[in-house]
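Okay, here's what each chain looks like letter by letter:
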Amino acid sequence: VSAAYLSSDETVAQIERFSTWGLGLKYQITDWLFLAEYAKNTKDLGPDYNNDAMVFQLNYKMADRNKPNTWGVYAQWFKVGNGMTDIAKLSGAYFQYPADSSGWAYGVKYTVSKNVVAGLEIQSLKTYGGSDKTKDANNALQFRTDFWF
């Protein structure tokens, strides 16, 4: 279990002010890892704002940066209100999705060599924008390689 608190009176990610607290949970059984996070902006931004965010992630195995040829896969569900900024990495299910969106992400990671991990993620998200709250579907394919020195 982990916790975090962020506060600002400046404009961040188009949110004029925020006072955000969050909780994270991480639980592992053999090769399965469950991660969950919840965060809430306690500033009163008005009735048109949803001031909370949550993410749930299930991993099978993990790509270990110290062990070449290790791999892992994951599925993640998220919902981020329009009164939220990106929340901190609490449980390890770090995410940066746009405010006022929800959806799924699926990914795979593979350790190419020591300290080099490549990953591929597919995102399927819906954004809720405008006064009519219509849903716009967005899909993305992201490739990422992390290096540690």
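No experiment lies behind these values; they were computed from the predicted model shown.

Caption draft 1: Fine view of the pattern of salt bridges. Applying the stated rule across the entire model yields one salt bridge. The salt bridge involving Asp146 is made with Arg144; its shortest N-O contact spans 2.8 Å.

Caption draft 2: View of the nonpolar core. Within the largest apolar cluster, seven residues are counted, these being Ala39, Ala53, Val55, Phe78, Val80, Met84 and Leu125. Of all the secondary structure elements, the ones that give two or more residues to this core are β4 (52-60) and β5 (71-80).

Caption draft 3: Structural view of the packing of aromatic side chains. Counted according to the given criterion, the structure contains six aromatic pairs. Ring geometry for Phe34 versus Phe56: centroids 6.4 Å apart, planes at 25 degrees, classification stacked. Within this pair, whereas Phe34 is found in strand β3 (residues 32-41), its partner Phe56 is found in strand β4, the two being separated by 22 residues in sequence. Exposure remark for Phe56: the relative accessible area of 35% places this residue in the partly exposed category. Measuring from ring centre to ring centre gives 6.1 Å for Phe56 and Trp77, while their planes differ by 25 degrees; the resulting arrangement is stacked. One end of the pair, Phe56, is in strand β4; the other, Trp77, is in strand β5, with 21 residues separating them in the sequence. Grouped by ring-pair contacts, the aromatic residues Trp32, Tyr60 and Trp71 constitute a single cluster.

Caption draft 4: Representation of the environment of Leu33. Considering the arrangement of structural elements, one finds Leu33 in strand β3. Classification of Leu33 as buried rests on a relative accessible area of 6%. Spatially, the C-alpha atom of Leu33 lies 9.1 Å from that of Tyr74, the residues being 41 residues apart in sequence. Setting aside chain neighbours within four positions, we find Leu33 in contact with Lys26, Tyr27, Gln28, Gln57, Leu58, Asn59 and Met62.

Caption draft 5: Molecular detail of the side chain of Asp52. Among the structural elements, Asp52 can be located in strand β4. Of the side chains with opposite charge, Lys40 comes closest to the buried, unpaired Asp52, at an N-O distance of 5.0 Å. A distance of 3.3 Å separates polar atoms of two side chains, one belonging to Asp52 and the other to Tyr38. Sequence-distant contacts of Asp52, that is, excluding residues within four places in its chain, are made with Tyr38, Ala39, Lys40, Lys79, Val80, Gly81 and Met84.

Caption draft 6: The arrangement of a nonpolar patch on the surface in detail. A contiguous nonpolar patch, built from Trp71, Val73, Trp104, Tyr106, Val108, Tyr110, Val112, Leu120, Ile122, Leu141 and Phe143 and spanning about 1000 Å² of accessible area, is present on the exposed surface. With five residues, strand β6 (residues 101-113) is the single largest residue contributor to the nonpolar patch. For Leu141, the position within the fold is in strand β8 (residues 134-147). Among the residues examined, Leu141 registers a relative accessible area of 61% and is labelled exposed.

Caption draft 7: View of unusual backbone geometry. You will see that Thr30, though not glycine, has its phi angle at about 50 degrees, which is positive. Along the chain, Thr30 turns up in the loop between β2 (18-29) and β3. Although it is not a glycine, Lys61 adopts a positive phi angle of roughly 60 degrees. Mapped onto the elements, Lys61 comes out in the loop between β4 and β5. Of the residues examined, Lys61 reaches a relative accessible area of 29% and is grouped as partly exposed.

The rules behind the values
- Each residue is numbered by its place in its chain's sequence as written, counting from 1.
- Confidence filtering applies because this is a predicted model: local features only for residues at pLDDT of at least 70, side-chain atom pairs given and counted only at 80 or more, and all residues used for totals across whole chains, interfaces and linings.
- Excluding hydrogens and water, the side-chain values take into account all heavy atoms of the structure.
- For salt bridges, the criterion is a side-chain nitrogen of Lys or Arg within 4 Å of an Asp or Glu carboxyl oxygen.
- The set of buried Ala, Val, Leu, Ile, Met, Phe, Trp, Tyr and Cys residues whose side-chain atoms join them within 4.5 Å is what this entry labels a nonpolar core.
- Classification of residues uses two cut-offs on accessible area relative to the type maximum, computed with a 1.4 Å probe and protein chains only: under 20% is buried, over 50% is exposed, and between them is partly exposed.
- Here a strand is any run of E in DSSP of at least two residues, a helix any run of H or I of at least four, and the numbering for each starts at the N terminus.
- Ring pairs shown here join Phe, Tyr and Trp side chains whose ring centres sit within 6.5 Å, with only the six-membered ring taken for Trp; geometry is labelled stacked below 30 degrees between planes, edge-to-face above 60, and tilted in between.
- By the convention used here, residues are in contact when the closest approach between their heavy atoms is within 4.5 Å.
- Charged residues are defined here as Lys and Arg on the positive side and Asp and Glu on the negative side; His and the ends of the chain fall outside this count.
- Residues adjacent in sequence count toward polar contacts only when both atoms are side-chain atoms; beyond that, a polar contact is any pair of N or O atoms within 3.5 Å, and within protein one must be able to donate a hydrogen and the other to accept it.
- Patch membership is restricted to residues that have no salt bridge and whose relative accessible area is over 30%. Joining uses 9 Å for like charges and 5 Å for the nonpolar side chains Val, Leu, Ile, Met, Phe, Trp and Tyr.
- We get accessible surface area from the Shrake-Rupley algorithm with a probe of 1.4 Å; when it comes to residues, only the shown protein chains can shield them.

Keep in mind these numbers describe shape, not what the thing actually does.
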